[in-house]
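Chains, contacts and geometry: an overview
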Amino acid sequence: MYSRIVGTGSYLPAKVLTNFDLEKRLDTSDAWIRERTGIERRHIIADGESNTDMAEQAARAAIASAGIEPHELDLIVVGTTTPDLVFPNSGTLLQARLGCGGAPAFSLEAACSGFIYALAIADKFVRAGESKRALVVGSEVLSRIVDYTDRSTAILFGDGAGAVVLAPSDEAGIISTHLHADGGYQELLYCTGGPARGPAPGSFPPGDVVRMAGSEVFRLAVTLLGRIVDETVAANHLDRSAIDWLVPHQANLRIIQATAKRLSLPMERVIVTVQEHGNTSTASVPLALNVGIRDGRIKRGDLLLLQALGGGITWGSALVRY
Ligand code: ACO
C-alpha cells in the first residue's frame, strides 16, 4: 500500500513587498537581493488575516482538486512555525474551519522542513491503513516574526500556504521519505522567544524574531541537501537521471542551483518559485509543487524529489511518483 498525492492547493496573500520597497527601508538593493537570493518579491498577510485563513484557502483548493468533500478527511497534519495560537493546535483550527470534526488533527513544528515532516507522518498513516484521505498543509506568517530592521533576514521571508491531499493507492505514490535533525546547530537559525521562555530580556525589537547566521546556514544547506539527494537515490537504487523534477524548499536560488548540480539536473527540471514569494518556510514545497502541477510541467507518472532544510537544524526529502 502506498499513499498518493491526489490534490494540491496553495495561497498567497494579496499584498506584495518588493525588493524596491525594501530598498526604501533598509541599506540594501534589488540587485543585491536578486543576485544573492533570487528573490524579487514576497507576499505579506493583511492585518486581521491569520495563519488559519491562509491554511483554509490552500486546503480548500487541494480538497477541490482531489474531488472530495472536507467531511471525507480522516487526518489533518499542519506543519507550521508561526501558529495563530499555542493551542488549540493549527490542525484543529483548520479542521473547525473546514467543518469536519472527529478525525485526528494536529500540527508540528520543524521550521522549514515542517511540510516534509508532516508529509512523512501522513504517508505512514495512509500506508498503515489508518487514513484514506489525509490533508497535509504548510502555512506560515513569517512576516510577524521578522525583524524588519535586520537586512540579513528581512529580505528573505514571506507569508503563504500550500496543501496536498493523500489517498491510498496500490501504485506509488510516495516511495520513500527521509528525515533528519541535528539540534547541535540550533544557534545558527532560531526565534528569539517562545511562550514558555518569553521574549529575551531587553530584546529589541520587542517580541520574538528570527535570527540567522546566514552564510553558515547557507553552507550547511548546500552540504546537507546535497547529501540527502545521495541518500534518497541510493535508498531506492536509482540513478540520479531517473528524477524528473526537483521540488526544493524555496529559500535561496543559489542553494537550489547547488542541489540541482548535485543531481546533474538542468534548471529547466527544477520548480523555482522563490522569486515570487521568498522563503515561506513550511509553505514553500507545497506552493512550488502546486505551481508545477497546475502549469502542466509536472505530469502524472513523473518522479519528483521534494526536499527542505530549516531551523533546528532539520532536513528531509521525499521521493514521489506523481
Ligand atoms: N543587502 C546588502 N548587503 C547585505 C545584505 C542585504 N540585504 N545582507 C547582508 N549583506 C552584506 C553583509 O553585511 C556582508 O557585508 P560585509 O562583507 O561588508 O560584511 C555581505 O553582504 C555578505 O554577507 P553574507 O551573509 O556573507 O552574504 P551571503 O552571500 O551569505 O548571503 C544570505 C546572505 C542571503 C542570507 C544567505 O547566506 C542565505 O540565503 N543563507 C541561507 C538561508 C536559508 O536557506 N535558511 C534556511 C531556511 S530558513 C528557516 O528555516 C526559517
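Given the structure is predicted, the values throughout are model-derived calculations rather than measurements. (Residues numbered from 1 in each chain as written. Predicted model: local features only at pLDDT ≥ 70, side-chain atom pairs only at ≥ 80, totals over all residues. Heavy atoms only, no water.)

1. Concerning the domain arrangement of the protein chain
By domain assignment, the protein chain separates into domain 1 (2–170) and domain 2 (176–321). Taken over C-alpha atoms, the centre of domain 1 sits 14 Å from the centre of domain 2. Across the boundary between the two partners, domain 1 contributes 55 residues, which contact 48 residues of domain 2. Of the roughly 3800 Å² buried between domain 1 and domain 2 on both sides combined, carbon and sulfur atoms contribute 61%. Across the domain 1-domain 2 interface, the total number found is three salt bridges. Glutamate 276 is paired through a salt bridge with arginine 41; the nearest N and O atoms lie 2.9 Å apart. The interface formed by domain 1 and domain 2 includes 27 residue pairs in polar contact (both at pLDDT 80 or more). Residue assignment for the side of domain 1 that touches domain 2 shows that the elements contributing at least two residues are β1 (2–11), α2 (30–37), β3 (41–44), α3 (51–66), α5 (114–127), β6 (134–141), α6 (151–154) and β7 (159–169). (Domains from an automatic or database assignment. Contact = heavy atoms within 4.5 Å. Buried area = accessible area lost by both parts, 1.4 Å probe. Salt bridge = Lys/Arg side-chain N within 4 Å of Asp/Glu carboxyl O. Polar contact = N/O pair within 3.5 Å; in protein donor to acceptor, adjacent residues only side chain to side chain. Helix = DSSP H or I, 4+ residues; strand = E, 2+ residues; numbered from the N terminus.)

2. Here's the deal with the site of the ligand
Neighbouring the ligand are 26 residues; Thr28, Arg36, Cys112, Arg151 and Asn252 lie closest to it. Measuring from an oxygen atom of the ligand, one finds a side-chain N or O atom of arginine 36 at 2.8 Å. In this structure, an oxygen atom belonging to the ligand sits 3.0 Å away from a side-chain N or O atom of arginine 254. For the ligand, whose free accessible area comes to 1000 Å², the fraction covered by protein is 73%. Listed by contribution, the elements that provide at least two residues to the shell around the ligand are α2, α6, α7 (214–235), α8 (253–262) and β12 (303–310). Broken down by element, the residue count for the shell around the ligand peaks at four residues, all from α7. Partitioned by chemical class, the residues of the shell around the ligand number twelve nonpolar, ten polar and four charged. (Near = heavy atom within 4 Å. Areas by Shrake-Rupley, 256 points an atom, 1.4 Å probe, with all protein chains shown as cover. Nonpolar A, V, L, I, M, F, W, Y, C, P; charged D, E, K, R; others polar.)

3. A word on the pairing of β6
For β6, the buried fraction is high: eight of the eight residues fall into the buried class. Residue alternation in β6 divides its side chains into two sets, Ala134, Val136, Gly138 and Glu140 and Leu135, Val137, Ser139 and Val141, and both sets are buried. The sheet contact formed by strand β4 (residues 75–79) and β6 spans five bridges and is parallel. Paired with glycine 79 across the two strands is glycine 138, which belongs to β6. Bridging between β6 and β7 involves eight bridges; their strand directions are antiparallel. Note that in β7 the partner of valine 141 across the bridge is aspartate 159. (Buried < 20%, exposed > 50% of the residue type's maximum accessible area, 1.4 Å probe, protein only. Pairing = 2+ DSSP bridges.)

4. Looking at the sheet that holds strand β13 (residues 314–321)
Spatially, four strands are ordered β8-β13-β12-β11 in an open sheet, and the strand pairing comes out mixed. Edge positions in the sheet fall to β8 (174–181) and β11 (245–248), since each has one partner strand and no second. Averaged over all pairs of adjacent strands, the angle between their axes in this sheet comes to 15°, without regard to strand direction. Alignment of β11 against β12, held across four bridges, turns out to be parallel. Residue pairing for β12: leucine 246 is matched across the bridge by leucine 305. Helix-sheet contacts for α5 involve β8, β12 and β13, and the interaxial angle to β8 is about 135°. Helix α10 (residues 284–294) rests against β11 and β12 of the sheet, and its axis sits at about 145° to β11. (Axes fitted to C-alpha atoms, helices over the stretch in contact; angles between N-to-C directions.)

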